[in-house]
Amino acid sequence: MGIRPKNSDKKIDSSIFTFDITDSSTKPTNDLGEGETNADGVKRMDIFLEAYNNKTGLIDCPDQTNTPGKCVFDTTELKNFCGENYGYLPSASGTITPCIFVKLNKIFNWVPKGVVKQNLTLYPEMSDELRDIITNNMDVTTDKETEKEHVNNIYVDCFGRYPADKEVVQLEFMPATRNLPLKYFPFTGGNYHSPMVAVKVTPDAKAKGQLLQIECRAYFDKVEHSTKEKAGLAIYEVYIQKG
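Within every chain, residues take consecutive numbers counted from 1 along the sequence as written. The predicted nature of this model means local features are confined to residues of pLDDT at least 70 and side-chain atom pairs, given and counted, to a pLDDT of 80 or more, with totals for whole chains, interfaces and linings taken over all residues. Just so you know, side-chain values use all the structure's heavy atoms and leave hydrogens and water out.

Colleague: Describe the sheet that holds strand β9 (residues 196-203), and please don't skip the residues or the numbers.
Modeller: Taken together, four strands build an open sheet; the order of strands is β1-β3-β9-β7 and the sheet is antiparallel. The outermost strands of the open sheet, each flanked by one partner alone, are β1 (2-4) and β7 (169-174). When strand polarity is set aside, the average angle formed by the axes of neighbouring strands in this sheet is 30°. Note on pairing: DSSP must find at least two bridges between two strands before they are called paired. For helices the rule is a DSSP run of H or I covering at least 4 residues; for strands it is a run of E covering at least 2, with both sets numbered from the N terminus onward. With three bridges connecting them, β1 and strand β3 (residues 99-103) associate as antiparallel partners. In the sheet register, Gly2 faces β3, and the bridge partner there is Lys103. The contact rule is simple, with two residues in contact once any of their heavy atoms fall within 4.5 Å. Each axis is a line fitted through C-alpha atoms, taken for helices only over the stretch in contact, and angles between the N-to-C directions span 0 to 180 degrees. The sheet contacts of helix α1 (residues 38-50) involve β1, β3 and β9, and relative to β3 the element is tilted by about 35°.

Listed below in structure tokens is the structure:
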């Protein structure tokens, strides 16, 4: 899995997103956002999302399409959900609620199947909220051999990794169903829009100055989750400096 925006080149290998509650400047360090200010994070996200304006070779697809992997992904709802500056700058009330975009890494010609409804007990880490979303989804494909129902989506679930994280952070998702439709797969080269889920991180007042560790997991048929290998999941940290 991948997370966006990327950090600056100086910290490209870091998964820590740092925000300064006192930094309300909207001016990035340079045109590439290669700095460590809040506005630099905004600029890097803007640059990342610009690629979604290129629709060459792509079409607006229905859910059941004859051209999977060649579909336009509209980022409008994600942007509206995250709000101005993606929540990276302090609001009028002095809070920062950053949005991080979660996606799958591109794998050439990979055609995933959706998670099997009858297999949800295999995933003890899955939240009750996502379990209910999948259980109530009637858009399924029934396997002729096993008669099991594959939901026609990949799903993303995120949570605070440790009790101390869970206590001080609230996570919201867009889309609220946390799904990546199967129509965006496979990736076959050329221009491509990776589908994404936006995760809004809302820390409470006690979280200022605390490193918040967040884990996101993908759910599809036969997924394997390995923290050591970072397989099927992504881990990132949010740090909001005290004012």
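Colleague: I'd love a proper account of the state of the cysteines, names of residues and values included.
Modeller: Any two cysteine sulfur atoms lying within 2.5 Å of each other are counted as a disulfide. Per the stated rule, a full pass over the model turns up three disulfides. Residue pairing for Cys82: its cysteine sulfur links by disulfide to Cys99, the two sulfurs lying 2.3 Å apart. Classification of the bridge connecting Cys82 and Cys99 rests on its S-S torsion, roughly -95°, and on that basis the disulfide is left-handed. Of this pair, Cys82 sits in helix α2 (residues 76-82) while Cys99 sits in strand β3, placing them 17 residues apart in sequence. For the pair Cys82 and Cys99, one class covers both residues: buried. For each residue, the accessible area found with a 1.4 Å probe, counting protein chains only, is set against the maximum for its type, and the residue is called buried under 20%, exposed over 50%, and partly exposed in between.

Colleague: Let's hear about the packing of aromatic side chains: which residues, and what values?
Modeller: Centres within 6.5 Å are what make two rings of Phe, Tyr or Trp a pair, Trp counting through its six-membered ring; a difference in plane orientation under 30 degrees is then read as stacked, over 60 as edge-to-face, and the rest as tilted. This structure, assessed with the given rule, holds 11 aromatic pairs. Taken together, a centroid distance of 6.2 Å and an interplanar angle of 90° make the contact between Phe108 and Phe187 edge-to-face. With Phe108 in the loop between β3 and α3 (128-135) and Phe187 in the loop between β8 (179-181) and β9, the pair connects residues that are 79 residues apart, well separated along the chain. For Phe108, a relative accessible area of 52% gives the class exposed. Look at Phe187 and you get buried, because its relative accessible area is 15%. One aromatic cluster is present, built from ring pairs that chain together Phe48, Tyr52, Phe73 and Tyr184. Above the ring of Phe187, the side-chain terminus of Lys106 is found at 4.9 Å from the ring centroid. Note on criteria: charge over ring means Lys NZ or Arg CZ within 6 Å of the ring centre, with the direction from the centre no more than 35 degrees off the ring normal. Stacked on the ring of Phe81, the Lys or Arg Lys200 has its end atom at 4.6 Å from the ring centre.

Colleague: Got a sec to walk through the environment of Val42? Specific residues and values, please.
Modeller: Topologically, Val42 is positioned in helix α1. The spatial distance from the C-alpha of Val42 to the C-alpha of Pro98 is 10.0 Å, given a sequence separation of 56 residues. Discounting chain neighbours no more than four positions away, the residues touching Val42 are Asn85, Tyr86 and Tyr88.

Colleague: Tell me about α3, and name the residues and values.
Modeller: Of the positions making up α3, those classed as buried are Leu130, Arg131 and Ile134. Projected onto a plane normal to the axis of α3, the buried residues spread over an arc of 105° and lie on a single side. Residues of α3 that are buried make contact with β5 (149-151), β6 (153-160) and β10 (211-219). The directions from the helix axis to the C-beta atoms are what the arc is built from.

Colleague: Residues and numbers for unusual backbone geometry, please.
Modeller: The linkage connecting Arg4 with the following residue, Pro5, adopts the cis geometry, with an omega of 10°. With respect to the helices and strands, the residue Pro5 is situated in the loop between β1 and β2 (16-20). Residue Pro175 is reached from Met174 by a cis peptide bond, and omega for that bond is 0°. Counting through the fold element by element, Pro175 comes out in the loop between β7 and β8. Look at Tyr86: it is not a glycine, yet its phi comes out positive at around 60°. When you line up the elements, Tyr86 lands in the loop between α2 and β3. In this structure Tyr86 comes out as buried when scored by relative accessible area, which is 8%.

Colleague: Outline the side chain of Asp165, supporting the account with residue identities and numerical values.
Modeller: The residue Asp165 is located in helix α4 (residues 163-168) in this model. Charged residues are defined here as Lys and Arg on the positive side and Asp and Glu on the negative side; His and the ends of the chain fall outside this count. Just to be clear on terms, a salt bridge is a Lys or Arg side-chain nitrogen sitting within 4 Å of an Asp or Glu carboxyl oxygen. Despite its burial, Asp165 pairs with no opposite charge, the nearest such side chain being Arg161 at 6.8 Å. Residues within four places of Asp165 in sequence aside, it is in contact with Gly160, Gln210, Leu211, Leu212 and Gln213.

Colleague: Explain the sheet that holds β2 to me, and be specific about the residues and the numbers.
Modeller: Overall, mixed pairing links the five strands, which are arranged β2-β11-β10-β6-β8 in an open sheet. In the strand order of this sheet, the two ends are held by β2 and β8, each with one partner. The sheet shows a mean angle of 20° between the axes of neighbouring strands, taken without regard to direction. Pairing analysis gives seven bridges linking β10 to strand β11 (residues 233-241), with the strands arranged antiparallel. Residue pairing for β11: Cys216 is matched across the bridge by Ala234. Strands β6 and β10 of the sheet are contacted by α3, whose axis makes an angle of about 165° with β6.

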